[in-house]
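Here is what each chain is made of, one letter per residue.
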Amino acid sequence: MKDMLVRLIDLPSSLDIENRLSTKEGIIFRRAIAPEKALVCDWVMEQFGAYWKSEVEVAFSRQPVSCWIAQRGNEILGFACYESTAKNFFGPTGTLESERGKGIGKVLLIKSLESLRELGYVYAIIGGVGPAEFYEKAVGAKIIDSSEVSIYQHLLKKS
């Protein structure tokens, strides 16, 4: 998997999608807070596995927490982190399979990238991308040539 680069200066707005999801589906988007660490980490572990749970734990060590969540009532629908694996990196991110295609992931992506921009970055890296087309369409991200050898190349794996 390759990395992607995204320009943070002219990010699209997520307000229309966010307002639609709030009105029609009761979904809210917000930065997670410390008392939710165990709940969010357990949810990520259940939905996406141990690697992403570890990265979310790092996001909760930041102040403010570098993890955005989407929720409906008391149910987590999706999450997105930044500066978990490395400085200026977006990810991991995920949405419940049953909730995909509604725009939740796009809102979480944009909110996280806006947070990186607020830290003073002009560009951000989306590491180890799976759905490159999604990132290209959502925020104009571009594949970084020769990035298949990445920060994850020597990742320890459970045997």
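The shown structure was predicted, so the numbers you read here are calculated from the model rather than taken from an experiment. (Residues numbered from 1 in each chain as written. Predicted model: local features only at pLDDT ≥ 70, side-chain atom pairs only at ≥ 80, totals over all residues. Heavy atoms only, no water.)

## Concerning the pattern of salt bridges
Moving on, step 1. Applying the stated criterion across every chain yields a total of 11 salt bridges.
Moving on, step 2. Glu36 is the partner of Arg30 in a salt bridge, and the nearest nitrogen-oxygen pair spans 2.3 Å.
Moving on, step 3. Judged by its relative accessible area of 22%, Arg30 is partly exposed.
Moving on, step 4. Glu36 sits in the buried class, given a relative accessible area of 16%.
Moving on, step 5. With its nearest N and O atoms 3.9 Å apart, the salt bridge here joins Arg72 to Glu75.
Moving on, step 6. Among the charged side chains, a network of salt bridges with common partners joins Glu25, Arg72, Glu75, Glu99 and Lys102. (Salt bridge = Lys/Arg side-chain N within 4 Å of Asp/Glu carboxyl O. Buried < 20%, exposed > 50% of the residue type's maximum accessible area, 1.4 Å probe, protein only.)

## A few points about the packing of aromatic side chains
Moving on, step 1. Summed over the entire model, instances satisfying the criterion amount to seven aromatic pairs.
Moving on, step 2. Ring geometry for Phe48 and Phe79: centres 5.7 Å apart, planes at 55°, overall tilted. In this pair, Phe48 sits in helix H2 (residues 37-48) while Phe79 sits in strand E4 (residues 75-82), placing the two residues 31 residues apart along the sequence.
Moving on, step 3. Of the residues examined, Phe48 reaches a relative accessible area of 25% and is grouped as partly exposed.
Moving on, step 4. With a relative accessible area of 0%, Phe79 lands in the buried category.
Moving on, step 5. Both rings, one in Phe90 and one in Tyr135, keep their centres 6.2 Å apart while their planes meet at 70°; by these two values the pair is edge-to-face. In this pair, Phe90 is assigned in strand E5 (residues 89-95) and Tyr135 in helix H5 (residues 132-139), connecting sequence segments 45 residues apart.
Moving on, step 6. The buried category is assigned to Tyr135, whose relative accessible area is 7%. (Phe/Tyr/Trp six-rings, centres within 6.5 Å; stacked < 30°, edge-to-face > 60°. Helix = DSSP H or I, 4+ residues; strand = E, 2+ residues; numbered from the N terminus.)

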